[in-house]
Amino acid sequence: MTISLRTKLFLLVACSIALATVPIISFTYRDLRQSNAELEREAFGNVITLMEDGIDSRYLNLLSNKVVDVLLRKEQLRRFTQLARATWQDVAQMPPDVRERFVANWIGRLAEFGVHMDIVDAQGRPRAGTGLLGTVLADPSRTDFKGRPVRSLLSPVLLPQDGEFAVLEASAAAPASETAVTSAPGTAIVDGATPATAQGDTASSVPTGVQADAQADAQTPAPVASAATPATGTAVAPSGAPMLVYFLPMPDGESVAVSALLLSDIEKQALFSEQQIIRSLQEKFATLKLSGSGYIALLSGRGEVLAHEGNPLGRSDGTIPADALATARAQGRVEVVSAASSPLGQAIFRIAYFKALDWYVVSAAPVAEIEAPTNALVRKLSFLAAFAVLVSLAATLGITARLIAPLRMLTRKAHALSSLDFSAPDAATFAAEGLFTRRSDEVGQLARAFAFMGEALSRNVRALMETTAAKERIQGELDAARDIQMGILPAPDACPVRPGFSAHAFLEPAKEVGGDLYDFLTAPDGRQVFVIGDVSGKGVPAALFMAMVVTLCRYAVAQGLSPAEAMMRVNAQLAQNNPGCMFVTLFIAAFDPQTGVLEYANGGHCQPCVVDCEGTAPPFELEGISGPMVGAFEDVDYEGFTATLEEGQTCLVYTDGVTEAMNPALELFDMVRLHDVVAAHRASTPADMLTGVHEALLAFRGEAEQSDDITMLSFTRRKP
């Protein structure tokens, strides 16, 4: 499938924008998600910190108020009891019954202010007062909160002179106050009804009022309160309620003044303060900006909802993940994520525990709502990215249309080049016609390059046509020269047929014309003359030099010269006028088939080899070099040699194009392979032997080109 340039540009733009926007959107989503979660965590931490500060300050106020209230109650009990002791001492001169009624009446008025007092002996039996403390003091096994026996506190001897405080548990019949005492610091109730400033008061200031009351009580008897008849303003306290008791020894050393008040009103005041803290937290919760389905709640240690704001599901059980409250109690703060199957779905719960009040602050926010702004931003960015892609693709469409139009024009021009006649004068003009050559961008550069290519093709085609014509003319001349050269040489089988003798030649130039030569001649004395040579160089110069050598050899042989004399004659004539310093390796032999005598001269040529047609004897070479190459030096004497061919022997004369033929591995055919081929064809005719050697050369050479002319001449002395 072929993808067009426009499609590739579209894909490139889309991929580029995608590669740029997708990482940005991904990183933005990740960072915003983390930032939102961190902001939620910081916001919750800030809320918890503010609440901790508010709760801590209010809790400190609560503790301070409790401590101040306890100290005030202690001071109140101490002053009331000391006043009672002073009064008991002042009325000591009265008759016992009058004294007891007076003291009981005076003590009974204290019950209106939540204070209960009895004067008891060491066994806890009441001597004067309301008698309501008897049930608490009569139990010999009772101890206070510090573990001290109550009987030890009733001993006037063991008690300190300034008295001792204790906290006891009230029994079922112990007194309970219906009215809380809320005296200001530094004040106490004196004389039963009238508050007097405690600062500066002493027991010595009491007798005047006491004596007046005693005189009134003496004239109007009052009923004595007993344990069976509680005084007005008292009620029965719940069993186990804490009660603050003050023990003060009396001056007579036999009785103890015991005053008590319940601490339940302090606990009520603390509970009221806690309710104020809860209301304050509820008001703060109302000012918080919560997510749509989230909520914030204040829970007690038992899991009760004390304050709540947000999703009503926060008031129901099961919304908080299991063990989350226990983990918060152990760690102080914890953050957990609920499962998707929970009532709120997947939500982040952050829980803080306030150990002092045993309270939990629980904040819940659904993950989907926390991530909603991030998801909205990502969707907006994705929309903008998609819009940018569409706009970019539209812009790319317009740009590619402007780019592709010239390219299509170039495509049509390129197709038209195949049918264009570049030999015509207007070929270059047609190739550049209609192209956007004036544009300064890459398209313009391509158009100008195409126009230049058209002009260059036109010039090159015309030059090629001229060159081809010249080459064809030269080739024709070379072919004619080849024909002329081959016409100079005799045919391969042109050797005269004589009894007991046969000869054959082979020549294959490496180019159209070459420098190798061979010839069959007949000497004036009737002997058969063979000439074979290899001119230096190749091509036309070698062919012309070869033709000169053949002509000179024929002329020398016709004059009846021996092979050595003929070679000297040819050398003298060639060396006399040889401006190109060319030479030829030459072998001239005169053979008498009747006697087998072979007279020869070798001017730097390859040594012929001789093989017997029968037997297994290896081929041997005709030794002897008459002199150097012919034509290279003047006044050279060439030595003649004589050999005898036996009947059945064949002589092979060849040029170096045979032994120096190379294969693709640049290996030479060499003498060893030549002797092996000759030995393999020892019984063949001269023509068959030459054919066998040529076939062996072709097989050895393979794909390699022929590097030199190949010339061979073979003759044999046959048996009769």
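The present account deals with the structure reproduced in this document.

Rules of the game
- Residues numbered from 1 in each chain as written.
- Predicted model: local features only at pLDDT ≥ 70, side-chain atom pairs only at ≥ 80, totals over all residues.
- Heavy atoms only, no water.
- Axes fitted to C-alpha atoms, helices over the stretch in contact; angles between N-to-C directions.
- Helix = DSSP H or I, 4+ residues; strand = E, 2+ residues; numbered from the N terminus.
- Parallel < 35°, antiparallel > 145°, perpendicular 65-115°, else oblique.
- Left-handed = near helix turned anticlockwise from the far one by under 90°.
- Contact = heavy atoms within 4.5 Å.
- Nonpolar A, V, L, I, M, F, W, Y, C, P; charged D, E, K, R; others polar.
- Phe/Tyr/Trp six-rings, centres within 6.5 Å; stacked < 30°, edge-to-face > 60°.
- Buried < 20%, exposed > 50% of the residue type's maximum accessible area, 1.4 Å probe, protein only.
- Lys NZ or Arg CZ within 6 Å of the ring centre and 35° of its normal.

Observations regarding the packing of helix α14 (residues 670-680) against helix α15 (residues 686-701)
When two helices pack together, their arrangement is given by the angle between the helix axes and the distance between those axes. Axis separation between α14 and α15 bottoms out at 9 Å; the angle between their running directions is 140 degrees. The orientation of α14 relative to α15 falls into the category oblique. Considering how the two elements wind past one another, α14 and α15 form a crossing that is right-handed. Here Arg673, Leu674, Val677 and Val678 of α14 come into contact with α15, specifically with Met689, Gly692, Val693, Ala696 and Phe700. Split by residue class, the contact of α14 with α15 holds 7 nonpolar, 1 polar and 1 charged.

Section: the packing of aromatic side chains
Here the structure, examined in full by the defined rule, presents 12 aromatic pairs. Ring geometry for Tyr353 against Tyr360: centres 4.9 Å apart, planes inclined by 40 degrees, an arrangement best described as tilted. Their ring planes at 35 degrees and their centres at 5.8 Å tell us that Phe501 and Phe591 sit as a pair that is tilted. Placement of Phe501 in strand β15 (residues 501-508) and of Phe591 in strand β18 (residues 584-591) is noted, with a sequence separation of 90 residues between them. The exposure class assigned to Phe501 is buried, which follows from its relative accessible area of 1%. Accessibility expressed as a relative area gives 0% for Phe591, which makes it buried. An aromatic cluster is defined as three or more aromatic residues linked by ring pairs; in this entry it consists of Phe501, Tyr518, Phe520, Phe530, Phe591 and Phe715. Sitting above the plane of the Phe165 ring, Lys74 keeps its charged end 5.4 Å from the centroid.

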